[in-house]
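Each chain, letter by letter, is given below.
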Amino acid sequence: MNKYYLTTPIYYTNAAPHIGHAYTTIAADTIRALKMMQGFHAVLATGTDEHGVNVERAAVAQGKTPQAYTDTISEEFRRQWQILGLNIDRFERTTSDRHAHCVQDLFRRCRERGQVYKGHYTGQYCIFDNAFVNDAKPGDPCPDCGRPTETVTEENYYFKLSEYTNKLLKLYEDQPDFIQPESRRNEVIAFVKQGLTDLSITRTSVKWGISVPDEPNHVFYVWFDALTTYMTAVHGEKIHGESLWPADLHLIGKEIVRFHAVYWPAFLMAADLPLPKRIFAHGWLLFENDKMSKSRGNIVRATPIHKVLGTDALRYFLLREVVFGQDGSFSYDALVGRYNSDLANGLGNLASRTLSMIHQYRGGVIPDSPGDSHIAEDASMITSAALESFEKFEFSKALEMIWSLIAAVDKYIVEQAPWKQAKVEGGEARLNQTLYTAAEALRIITSLLAPVLPESAAKIYSQLGFSTPVTDVRTKDLHWGHLPAGQMLGTVAAVFPRADPKISIEKMKELEIDEYARQQAVLGKTVEPKPEGPAPITIDDFLKVDLRVGIVLDAAAVPKSDKLLHLHIDIGEAKPRSIVAGIAEAYKPEALVGRKVAIVANLAPRKLRGIESQGMIVAASLEGGSPSLVSFLEEVPVGARLK
């Protein structure tokens with residue numbers, strides 16, 4: 001059995017985990033499961049990057065030691081992956097002793113080969129990105145994050161990155177798939193072709209880090225430290241005699257591709273160590289088309305979604321909705337929409353109707369039949385195409401193909417109408433064929449989806465009557481006819497109950513507020529409680545509402561409605577306003593004629609029961625009580641504006 005070693009980024013402990021971290025880790029977990037299905041011994045490593053001035057300052061601000069601070073944040077990442085049910089094989093912290101030994105060993109190897117030297121540096125440094133900013137002047141913002149840089153003067157060790165321009169370009173040429181997708185590869189090549197400058201890899205102004213051998217006043221700069229974690233996580237490990245290093249895949253976000261595709265291979269070349277085989281940089285996950293960030297306050301967390309719709313719903317949405325490698329947008333509306341249309345109405349409905357019919361017509365026993373040859377052929381072609389797309393990390397395309405098979409089987413069931421076949425004398429063979437075809441297609445679909453929907457696939461697979469876990473399925477088992485006749489089904493239960501969009505979204509947003517507060521407490525911060533009731537508005541907000549005095553000219557009940565009245569109200573315009581109001585339970589139409597009322601005159605028109613309402617009448621009521629119209633004690637002219 002061959003090994004497949006893959007990694008996520010080593011997440012920085014300057015913030016608690018959010019959906020962006022979950023996106024990368026879910027994708028990695030999916031790839032791990034796909035490789036297991038292919039027969040590889042797959043190992044997934046992740047961890048936390050815990051050194052640097054940012055962490056040091058955050059700890060001091062909370063009155064903690066850096067170690068105590070990072071212990072808390074690192075545990076929060078572990079907790080997140082456990083809640084989401086992700087299969088993490090190795091979790092490495094940069095504060096571990098064995099990691100310090102690996103970093104120091106890498107440095108020694110580079111120094112022995114003359115690839116590092118001591119020098120001095122004066123320049124601008126971004127503490128938020130842990131990067132020196134070339135060509136920046138004091139006070140200039142960081143070109144990546146826009147926040148202010150700091151002037152730093154200190155003794156450093158430098159890595160001779162300038163000597164690796166041609167070596168790296170040759171690497172990219174010899175291994176075209178070393179950096180993916182192609183857009184990221186082109187970006188890196190263009191950067192390297194401009195020429196590389198030597199890189200500072202230690203700092204003396206920071207104490208929180210791994211010390212340079214024999215020089216404790218120097219600590220390693222974040223990227224020399226953090227990148228080495230990929231080796232630390234599997235240091236000295238072998239699978240069937242094969243070393244787990246080098247990594248077969250580094251899965252990262254596009255914002256750190258330069259560090260992984262330029263610095264990291266150069267460090268390894270200098271140390272004469274094997275290079276990773278592939279680096280894949282996916283795009284950003286945007287919130288309603290805007291980049292998620294702490295400063296914008298639009299970060300979404302994964303656990304509220306897990307509690308309301310389940311982790312599989314989030315996994316499916318992220319991998320189906322977003323083309324992997326490109327930026328993608330997250331919204332609660334789109335999430336619930338995908339859940340209902342694809343999971344509840346698609347996969348869930350196919351599983352429920354197929355298994356229920358077998359229980360109804362065959363006593364819960366898989367019938368003996370070769371199945372329909374046309375569906376078998378479709379299943380074979382789609383399986384091959386989907387596996388090929390999965391191999392290229394084209395998750396959205398693979399899932400689209402699998403759902404085309406779901407649609408084909410749904411159509412087949414409708415055309416065959418097993419509920420009619422069961423009533424036709426001599427229709428036993430056709431009914432057996434229909435039921436077996438649907439069940440066998442469901443087995444293949446479920447097996448293909450297990451890496452993406454591990455919890456749901458396991459439930460459906462068990463309902464099909466299998467006693468072995470779906471994780472035991474291998475790609476060789478996906479051929480048609482593998483479902484044994486005579487197998488007894490398990491208990492049928494809905495896997496994806498339909499979600500009410502309004503209720504689900506409101507609940508996720510409520511839990512998001514709670515989770516944010518919990519994480520802030522973990523970070524030692526407090527969240528100001530939101531005032532009860534509606535958020536306050538400014539006078540400018542109020543002045544946007546055009547409130548006018550009007551007089552009711554006529555009123556009539558709206559047909560087939562107990563609550564609505566149709567009014568024509570004069571507010572001093574050329575024509576009276578047509579307004580539909582929900583006041584019929586409190587006021588008789590004839591009692592309103594000649595009454596002065598207040599209306600919102602600049603509300604966008606809308607239709608109610610086919611009648612256009614050109615504004616809104618102003619009334620007050622308690623929850624569940626009858627409305628009372630706003631009245632005027634003194635004489636007020638029609639058309640007067642309320643201020």
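If you're wondering where the values come from, they're calculated on a predicted model, not measured in any experiment.

Caption draft 1: Expanded view of the overall build of the chain. For the chain, the helix and strand inventory stands at 20 helices and 27 strands. Counting all 643 residues of the chain, 52% fall into the buried class. Within the chain, counting contacts between residues at least 6 apart in sequence, those at least 24 apart form 74% of the total. For the chain, the exposed area adds up to about 29,600 Å²; of that, 51% sits on carbon and sulfur atoms. In the chain, the 71 positive side-chain charges and the 78 negative ones have mean positions that sit 1 Å from each other.

Caption draft 2: Examining the packing of aromatic side chains more closely. Scanning the entire structure with this criterion turns up 29 aromatic pairs. The interplanar angle of 80 degrees and the centroid separation of 6.5 Å between the aromatic rings of Phe107 and Phe224 together place this pair among those described as edge-to-face. With Phe107 in helix α4 (residues 97-112) and Phe224 in helix α7 (residues 222-226), this pair connects stretches of sequence that are 117 residues apart. Phe224 matches Phe107 in its accessibility class, with the two residues each being buried. Their ring planes at 70 degrees and their centres at 5.4 Å tell us that Phe259 and Tyr263 sit as a pair that is edge-to-face. Of this pair, Phe259 and Tyr263 are both found in helix α9 (residues 257-270), four residues apart, which corresponds to roughly one turn of the helix.

Caption draft 3: Molecular detail of the pattern of salt bridges. This model, assessed by the stated rule, comprises 33 salt bridges. A salt bridge links Arg57 to Glu150; the shortest N-O distance between them is 2.8 Å. You can see Arg57 sitting in helix α2 (residues 53-61) and its partner Glu150 sitting in strand β6 (residues 150-159), a full 93 residues away along the chain. On the basis of relative accessible area, Glu150 is assigned to the partly exposed category, the value being 30%.

Caption draft 4: Molecular detail of the state of the cysteines. All told, the structure shown has zero disulfides when counted by the stated rule. Here Cys110 is not disulfide-linked; the sulfur of Cys102 is the nearest cysteine sulfur, at 13 Å. No disulfide involves Cys126; its sulfur sits 3.7 Å from that of Cys142, the nearest cysteine.

Caption draft 5: Seen up close, the environment of Thr383. Within the fold, Thr383 resides in helix α13 (residues 373-391). With relative accessibility at 7%, the residue Thr383 sits in the buried group. Separated by 119 residues in the primary sequence, Thr383 and Trp264 place their C-alpha atoms 37 Å from one another. Excluding residues that lie within four positions of it along the chain, Thr383 makes contacts with Ile444, Leu448 and Leu478.

Caption draft 6: Structural view of the side chain of Thr94. Locating Thr94 in the fold gives a position in the loop between β3 (90-93) and α4. A polar side-chain atom of Thr94 sits 2.8 Å from the main-chain amide nitrogen of Glu50. When sequence neighbours within four positions are dropped, the list of residues in contact with Thr94 reads Ile10, Thr48, Asp49, Glu50, His51, His99, Ile210, Asp225, Ala226 and Thr229.

Caption draft 7: Representation of the environment of Arg518 in the model. Checked against the element boundaries, Arg518 lands in helix α18 (residues 501-522). Judged by relative accessible area, which is 25%, Arg518 ranks as partly exposed. Apart from residues lying up to four places away in sequence, Arg518 is in contact with Glu76 and Arg79.

Caption draft 8: Main features of helix α6 (residues 182-193). Counted at 1.5 Å a residue, the expected span for α6 with its twelve residues is 16 Å, and the 16 Å between its end C-alpha atoms agrees. Of the residues making up α6, those classed as buried are Arg184, Arg185, Val188, Ile189 and Val192. Down the axis of α6, the sector holding all buried residues measures 135 degrees, keeping them to one side. Looking at the buried side of α6, the elements it contacts are α5 (165-174), β7 (179-180), α9 and β15 (279-282). The positive-phi residue at the C-terminal boundary of α6 is Gly195, with phi of around 100 degrees.

Caption draft 9: How the structure looks around the sheet that holds strand β22 (residues 596-600). The strand order across the open sheet formed by five strands is β21-β20-β19-β22-β25, and the pairing between neighbours is antiparallel. Of all strands in the sheet, those with a lone pairing partner are β21 (577-581) and β25 (616-617), marking the two edges. When strand β19 (residues 547-557) meets strand β20 (residues 565-570), the two strands line up antiparallel, connected through six bridges. Note on β20: the bridge partner recorded for Ala555 is Leu567.

Caption draft 10: Summary view of the side chain of Asn54. The topology assignment puts Asn54 in helix α2. Setting aside anything within four residues of it in sequence, one finds Asn54 in contact with Tyr12, Asn14, Ile127 and Phe128.

Caption draft 11: Fine view of the packing of helix α14 (residues 395-416) against helix α16 (residues 428-449). The contact between α14 and α16 brings their axes to 11 Å, and the two run at 165 degrees. By the angle class used here, α14 and α16 are roughly antiparallel. The element α14 and its partner α16 pack so that their crossing is left-handed. Packed against α14, whose contacting residues are Leu399, Ile402, Trp403, Leu405, Ile406, Val409, Tyr412, Ile413 and Gln416, the element α16 presents Arg430, Gln433, Thr434, Thr437, Ala438, Ala441, Ile445, Leu448 and Leu449 at the interface.

Caption draft 12: Local environment of a negative patch on the surface. Judged by side-chain charge, Asp500, Glu506, Glu510 and Asp514 come together as a negatively charged surface patch. Note that Asp514 resides in helix α18.

Caption draft 13: Quick peek at the pairing of strand β14 (residues 249-253). Most of β14 sits out of view: five of its five residues are buried. Neither face of β14 is left uncovered, since the one carrying Leu249, Leu251 and Gly253 and the one carrying His250 and Ile252 both have all their residues buried. Across two bridges, strand β1 (residues 3-12) lies against β14 in parallel orientation. Bridging from a neighbouring strand, Thr7 pairs with His250 of β14. Note that β14 and β15 share four bridges and pair parallel.

Caption draft 14: View of unusual backbone geometry. Omega for the peptide link from Gln180 to Pro181 comes to 0 degrees, which places this bond in the cis form. Assignment of secondary structure puts Pro181 in the loop between β7 and α6. Geometrically, the link from Trp245 to Pro246 is a cis peptide bond, its omega value of 15 degrees lying close to zero. You can see Pro246 is positioned in the loop between β13 (242-243) and β14. In this model, Asp272 sits at a positive phi of 60 degrees, which is unusual for a non-glycine residue. Examined against the element boundaries, Asp272 turns out to sit in the loop between α9 and β15. In the Ramachandran plot, Phe393 falls in the positive-phi region, its phi being about 65 degrees despite a non-glycine side chain. Looking at the secondary structure, you find Phe393 in the loop between α13 and α14.

Criteria and cut-off values
Residues numbered from 1 in each chain as written. Predicted model: local features only at pLDDT ≥ 70, side-chain atom pairs only at ≥ 80, totals over all residues. Heavy atoms only, no water. Helix = DSSP H or I, 4+ residues; strand = E, 2+ residues; numbered from the N terminus. Buried < 20%, exposed > 50% of the residue type's maximum accessible area, 1.4 Å probe, protein only. Contact = heavy atoms within 4.5 Å. Areas by Shrake-Rupley, 256 points an atom, 1.4 Å probe, with all protein chains shown as cover. Lys, Arg positive; Asp, Glu negative; His and termini not counted. Charge placed at Lys NZ, Arg CZ, Asp CG, Glu CD. Phe/Tyr/Trp six-rings, centres within 6.5 Å; stacked < 30°, edge-to-face > 60°. Salt bridge = Lys/Arg side-chain N within 4 Å of Asp/Glu carboxyl O. Disulfide = S-S within 2.5 Å. Polar contact = N/O pair within 3.5 Å; in protein donor to acceptor, adjacent residues only side chain to side chain. Expected span 1.5 Å × (residues − 1). Arc of directions from axis to C-beta. Pairing = 2+ DSSP bridges. Axes fitted to C-alpha atoms, helices over the stretch in contact; angles between N-to-C directions. Parallel < 35°, antiparallel > 145°, perpendicular 65-115°, else oblique. Left-handed = near helix turned anticlockwise from the far one by under 90°. Patch = residues over 30% accessible without salt bridge, like charges linked within 9 Å, V, L, I, M, F, W, Y side chains within 5 Å.

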